[in-house]
Amino acid sequence: SVLRGYVKMAMMDAKEKKDIHPSSILTKLHLAILDDIMKQSFFINLMVFNLDSDQIYYSNSLDTDTYYVDNTTQKISNVTINNQKLSKMTNPTFIETTLNFKVGDRIILLTKKADTQKQDAIKTVILDNMLFSPRHQAEKIISEFKNFIIKNEKDPFMTICIQRKA
């Protein structure tokens, strides 16, 4: 609930200042955490959708795998951003990327980082399941790769698949 309050505050500030870029929002979150006496740290994936210009502004503070699938070309790309986790670190710089996001395109977020040798296999499963709903595609990724990605059975693992609809 602490992070939720910080995110709400940062989003209200971003809306007020008309600066909706994730790197700015992450910086505001970092500044709030600096003042927090509980010394907590957080991981976050942050996407801002600008559907008028068919774009997503994306950033994170977590070492995970994120994939972008262009529905027109059926090309899949890794989205790599190496920001630090949100904590009491000194003077972090947060970066973001802008992705085109047209009707039919998908973003797939994994909560764990897969080994490099598994990347091609994950991409194959993603592309092989593009005809299915995002939910089915996410479930397929989990069933195929949970044993390869999760080192400890009690570790949580989640896949989120977002598809742009008309």
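Now for a quick tour of the structure. (Residues numbered from 1 in each chain as written. Predicted model: local features only at pLDDT ≥ 70, side-chain atom pairs only at ≥ 80, totals over all residues. Heavy atoms only, no water.)

Attention now moves to the sheet that holds strand β2 (residues 55-60). Two strands in a sheet stick together by hydrogen bonds in their backbones, pointing the same way (parallel) or opposite ways (antiparallel). On the basis of which strands lie adjacent, the open sheet formed by 3 strands has the order β1-β2-β5 and antiparallel pairing. Two strands in the sheet have a free side with no partner beyond their single neighbour: β1 (45-50) and β5 (97-100). Pairwise comparison of adjacent strand axes, ignoring direction, gives a mean angle of 25 degrees for this sheet. With 4 bridges joining them, β2 and β5 adopt antiparallel strand pairing. In the strand pairing of β5, Y58 is matched with T97. (Pairing = 2+ DSSP bridges. Helix = DSSP H or I, 4+ residues; strand = E, 2+ residues; numbered from the N terminus. Axes fitted to C-alpha atoms, helices over the stretch in contact; angles between N-to-C directions.)

Along the chain, L46 turns up in strand β1. Taking the C-alpha atoms as reference, L46 lies 22 Å from I126; in sequence the two are 80 residues apart. Contact partners of L46, with chain neighbours within four places excluded, come to P22, I25, L26, Y57, Y58 and S59. (Contact = heavy atoms within 4.5 Å.)

This paragraph deals with empty space enclosed by the protein. This structure, assessed with the given rule, holds 1 cavity of 30 Å³ or more. Computed from the structure, the largest cavity encloses a volume of approximately 80 Å³. Around the largest cavity, the lining residues are N60, D63, T64, D65, T66, N78, V79, T80, I81, N82 and K113. Looking at the lining of the largest cavity residue by residue, the classes come out as 2 nonpolar, 6 polar and 3 charged. (1 Å grid on protein atoms, 1.4 Å probe; cavity = no way out; pocket = protein on both sides within 12 Å on 5 of 7 lines; lining within 4 Å. Points joined across faces, edges and corners; volume = space filled by probe spheres on them. Nonpolar A, V, L, I, M, F, W, Y, C, P; charged D, E, K, R; others polar.)

Moving on: helix α3 (residues 119-128). What α3 keeps buried is the set Q119, I122, K123, V125 and I126. Projected down its long axis, α3 carries its buried residues within an arc of 160 degrees, all on one side. What points out from α3, more than 90 degrees from its buried face, is the exposed set D120 and D128. (Buried < 20%, exposed > 50% of the residue type's maximum accessible area, 1.4 Å probe, protein only. Arc of directions from axis to C-beta.)

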